[in-house]
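Notes for the structure review
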Amino acid sequence: MTRSARGTVDAPGRNVRAKAGLNRSIMAAGWGGLVRCLEHKAPGRVVKVSPAYTSQRCSACGIVDRQARESQARYRCRSCGYAGNADVNAARNIAHAAGHAVSAREGPRDAGPEHREPQRDLLLVG
């Protein structure tokens, strides 16, 4: 996301100044600090998923096809025919890759809240 605006010294890219400002704000956000805080708050439950090919992979059949993205917002699988929003498709692929590591346990309705967080002592193995 922080790649510089394409172009050369002789023929610079468009909106180079705006892209430089966007790059500064992305770098200043400190995403690494956010990950560290989350890992501290939820030890062993934060899953880092590689975003590679998540927008090109079909969440229904798993086929990777570069040409399935009809536009920035539309995704249509040429293999199985699944069609939907490209961002939703990528989010489903990321959720599938993360597995069940982030989900909370279900509990009986009479034993307290419906969604209970795992107890810290049960997370410690060994």
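Just so you know, the residues in each chain are numbered from 1, in the order the chain's sequence is written. In keeping with the model being predicted, local features are shown solely for residues with a pLDDT of at least 70 and side-chain atom pairs are shown and tallied solely at 80 or more, while totals for entire chains, interfaces and linings include all residues. For the side-chain quantities, the full set of heavy atoms in the structure was used; hydrogens and water were omitted.

Below, the discussion takes up the overall build of the protein. Helix numbers and strand numbers start at the N terminus; a helix is a DSSP run of H or I with at least 4 residues, a strand a run of E with at least 2. Secondary structure summary: the protein contains four helices and four strands in total. Starting at the N terminus and walking to the C terminus, you meet the elements of the protein as α-α-β-β-α-β-β-α. The rule is simple: take the accessible area with a 1.4 Å probe, protein chains only, and divide by the maximum for that residue type; under 20% is buried, over 50% is exposed, in between is partly exposed. Counting all 126 residues of the protein, 15% fall into the buried class. Expressed as a percentage of contacts within the protein between residues at least 6 apart in sequence, the contacts between residues at least 24 apart total 26%. Accessibility throughout is a Shrake-Rupley quantity obtained with a 1.4 Å probe, and a residue counts as covered only by protein chains that appear here. Working note: accessible area of the protein is about 10100 Å², and carbon and sulfur atoms make up 55% of it. Contacts between residues were defined by any pair of non-hydrogen atoms, one from each residue, lying within 4.5 Å.

Our next topic: the confidence of the model for the protein. Of the residues in the protein, 73% reach a pLDDT of 70 or more, and the chain-wide mean stands at 78. Low pLDDT (under 50) marks residues 100-109, which in the prediction has 21 contacts with non-local residues, meaning those over four places away or in another chain. The predictor reports its confidence for every residue as pLDDT, a score running from 0 up to 100.

Expected helix span is taken as 1.5 Å per residue step, with the number of steps being one fewer than the number of residues. In a regular helix each residue adds 1.5 Å, so 13 residues correspond to 18 Å; helix 3 (residues 86-98) covers 19 Å between its end C-alpha atoms and thus fits that length. Of the positions making up helix 3, those classed as buried are Ala86, Asn89, Ala90, Asn93 and Ala98. Taken together, the buried residues of helix 3 touch strand 1 (74-76) and strand 2 (83-85). In the analysis that follows, any N or O atom pair within 3.5 Å is treated as a polar contact, provided that within protein one partner can donate a hydrogen and the other can accept it, and provided that, for residues neighboring in sequence, both atoms belong to side chains. With a side-chain oxygen lying 2.7 Å from the backbone nitrogen of aspartate 87, the N-terminal cap of helix 3 falls on asparagine 85. Positive phi appears at glycine 99, one or two residues downstream of helix 3, with a value of about 75°.

Between side chains of opposite charge, a pair can form when the charged atoms approach closely. The term salt bridge refers to a side-chain nitrogen of Lys or Arg lying within 4 Å of a carboxyl oxygen of Asp or Glu. Inspection of every chain in the model, using the stated rule, returns three salt bridges. Aspartate 65 serves as the salt-bridge partner of arginine 78, at 2.7 Å between the closest nitrogen and oxygen. Note that arginine 78 is positioned in the loop between strand 1 and strand 2 and aspartate 65 in the loop between helix 2 (31-41) and strand 1, a separation of 13 residues in sequence. The exposure class assigned to aspartate 65 is buried, which follows from its relative accessible area of 15%. With a shortest N-O distance of 2.7 Å, arginine 76 and glutamate 70 are connected by a salt bridge. Look at arginine 76 and you get partly exposed, because its relative accessible area is 37%.

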